[in-house]
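# Descriptive structure summary
So you can see what is in the structure, the chains are spelled out below.
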Amino acid sequence: MRAFIALLLLSLSTFSVAAPSDDASSDQLAKLLFNDPNSPRTGAKAPKLIIVSFTDYNCPYCKQFDPMLEKIVHDNPDVQLIVKLLPFKGQSSVNAAKAALSVWQQQPDKFWALHQRLMMKKGYHDDASIAAAQTKTGTDGIKTEDKTMESLKMNLILSQVLNIQGTPATIIGDQMVAGAIPYDDLEALVKEQLAQARGQ
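For the structure given in this document, a descriptive report is provided here. Predicted model, so just to flag it, every value in this text is computed and none were measured.

Now for the overall build of the chain. Helices and strands together make up the secondary structure of the chain, namely eight helices and five strands. Each helix and strand of the chain, ordered N terminal to C terminal, gives the series α-α-β-β-α-β-α-α-α-α-β-β-α. Within the chain, the proportion of its 200 residues that are buried is 45%. Considering only residue pairs separated by 6 or more positions, the chain has 77% of its internal contacts joining residues 24 or more positions apart. Carbon and sulfur atoms provide 53% of the accessible area of the chain, an area that totals close to 9,900 Å².

In C-alpha cells form, the structure reads like this:
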C-alpha cells in the first residue's frame with residue numbers, strides 16, 4: 001500500500017483533470033475518483049457529467065454547498081454526484097465520516113438520509129450529535145466499521161494529488177472549484193460542462 005501511494009503521488013503530481021494522460025497511473029486515478037464503489041453516489045446511472053465533491057461534516061461551507069449539489073443532481077437527470085468524505089476538521093469529522101461510510105457499505109439506501117442529517121448540524125459534531133443523527137435516520141443499528149478508514153485515507157491521498165487545500169472542493173467536468181460558490185454560478189458551470197459533454 002505504501003509503495004502504491006508513493007507511486008501515485010509521484011506519477012500524478014502533474015495530473016490535469018481536464019486532460020489526463022493515458023498511462024496506467026492516470027487510469028488508476030480516474031478509477032479511484034469516478035469508479036470507487038466505496039464512494040457514495042447519487043443521480044444518473046449513465047451520466048453525461050460527473051461531479052466529485054470533497055466534503056467534511058464539520059465544514060460550515062460544506063454544509064451550505066452540499067444541498068446545492070444535491071439540487072443540481074435532482075434538476076439535471078444526466079448528472080451524477082460522487083461524495084468523497086475528507087475529514088480535515090478533527091476526530092469528530094473522522095467519526096462522522098466513518099459512520100456515514102459504514103451505512104453506505106451496509107445499507108446504501110439509508111446513506112443520503114444520514115448524510116443530510118449530519119450536514120444539517122450547525123457547528124462541530126461530537127459523539128452525541130453523530131448518535132442522534134443515526135437515531136433520527138434509523139441507522140443506529142448499523143455498526144461503524146474501522147475498515148472505512150482505508151477509504152478516508154485514500155480520499156486524503158487523492159486530495160494531495162489534486163492539491164486540495166480545504167473543503168469543499170468540487171470537480172465538475174474539467175473544472176476544479178475551490179470553496180463554496182453561489183448557486184447561480186454553480187448552475188451555470190454545470191450547464192456549460194453538460195453542453196460540452198453533449199457536444200453542443
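Once the structure has been displayed, the description carries forward.
Strand pairs in the sheet, formed through backbone hydrogen bonds, run parallel or antiparallel to each other. Taken in spatial order, the five strands of this open sheet run S1-S3-S2-S4-S5, and their pairing is mixed. The outermost strands of the open sheet, each flanked by one partner alone, are strand S1 (41-43) and strand S5 (175-178). Each strand of the sheet is rotated relative to its neighbour by a mean of 20°, with strand direction disregarded. Bridge count between strand S2 (residues 49-55) and strand S4 (residues 169-172): four bridges; the pairing is antiparallel. Pairing of Phe 54 across the sheet is with Ala 169, part of S4. Those strands touched by helix H7 (residues 148-161) are S2 and strand S3 (79-85), and its axis lies near 105° from that of S3.

Attention now goes to the pattern of salt bridges. Applying the stated criterion to the full structure yields five salt bridges. Taking the shortest distance from any N to any O, the salt bridge between Asp 75 and Lys 71 comes out at 2.7 Å. Note that Asp 75 and Lys 71 are positioned in helix H3 (residues 60-75) at a spacing of four residues, about one turn of the helix. With a relative accessible area of 39%, Asp 75 lands in the partly exposed category. Its salt-bridge partner being Arg 198, residue Asp 78 comes within 2.6 Å of it at the nearest N-O pair. Of the two residues, Asp 78 sits in the loop between H3 and S3 while Arg 198 sits in the segment after helix H8 (183-197), which places them 120 residues apart along the sequence. Given the relative accessible area of 38%, Arg 198 is considered partly exposed.

Let us now look at H7. Over its 14 residues, H7 extends 20 Å from the first C-alpha to the last, a length consistent with the 20 Å expected when each residue adds 1.5 Å. When we look at burial in H7, the residues that qualify are Thr 148, Ser 151, Leu 152, Met 154, Asn 155, Ile 157, Leu 158, Ser 159 and Val 161. Of the residues trailing H7, Asn 163 is marked for its positive phi of about 60°.

Membership of the largest hydrophobic core comes to 38 residues, with the highest contact counts inside it found for Ile 51, Tyr 57, Leu 85, Leu 118, Ile 172, Leu 186 and Val 190. The set of elements that each furnish at least two residues to this core consists of S2, H3, S3, helix H4 (91-106), helix H5 (111-120), helix H6 (127-136) and H8. For this core, the element with the most residues is H4, which contributes eight residues. Ignoring sequence-local partners within four residues, the contact set of Tyr 57 consists of Lys 63, Leu 85, Ala 96, Ala 97, Ala 100, Phe 111, His 115, Leu 118, Met 119 and His 125.

With their axes 9 Å apart at the nearest point, H5 and H6 run at an angle of 140° to one another. One element, H5, and the other, H6, form an angle in the oblique class. Between H5 and H6 the crossing geometry is right-handed. Two secondary-structure elements touch here, H5 through Leu 114, Arg 117 and Leu 118 and H6 through Ile 130, Ala 133, Gln 134 and Lys 136.

A separate point is the pairing of S4. Here S4 shows two buried faces, one formed by Ala 169 and Ile 171 and the other by Thr 170 and Ile 172. Pairing analysis gives four bridges linking S4 to S5, with the strands arranged antiparallel. The residue bridging Ile 172 from the neighbouring strand is Gln 175, located in S5. Hairpin connection, S4 to S5: the antiparallel pair is bridged by two residues, and Gly 173 has positive phi, about 65°.

About the thresholds
Residues numbered from 1 in each chain as written. Predicted model: local features only at pLDDT ≥ 70, side-chain atom pairs only at ≥ 80, totals over all residues. Heavy atoms only, no water. Helix = DSSP H or I, 4+ residues; strand = E, 2+ residues; numbered from the N terminus. Buried < 20%, exposed > 50% of the residue type's maximum accessible area, 1.4 Å probe, protein only. Contact = heavy atoms within 4.5 Å. Areas by Shrake-Rupley, 256 points an atom, 1.4 Å probe, with all protein chains shown as cover. Pairing = 2+ DSSP bridges. Axes fitted to C-alpha atoms, helices over the stretch in contact; angles between N-to-C directions. Salt bridge = Lys/Arg side-chain N within 4 Å of Asp/Glu carboxyl O. Expected span 1.5 Å × (residues − 1). Core = buried A, V, L, I, M, F, W, Y, C linked by side-chain atoms within 4.5 Å. Parallel < 35°, antiparallel > 145°, perpendicular 65-115°, else oblique. Left-handed = near helix turned anticlockwise from the far one by under 90°.

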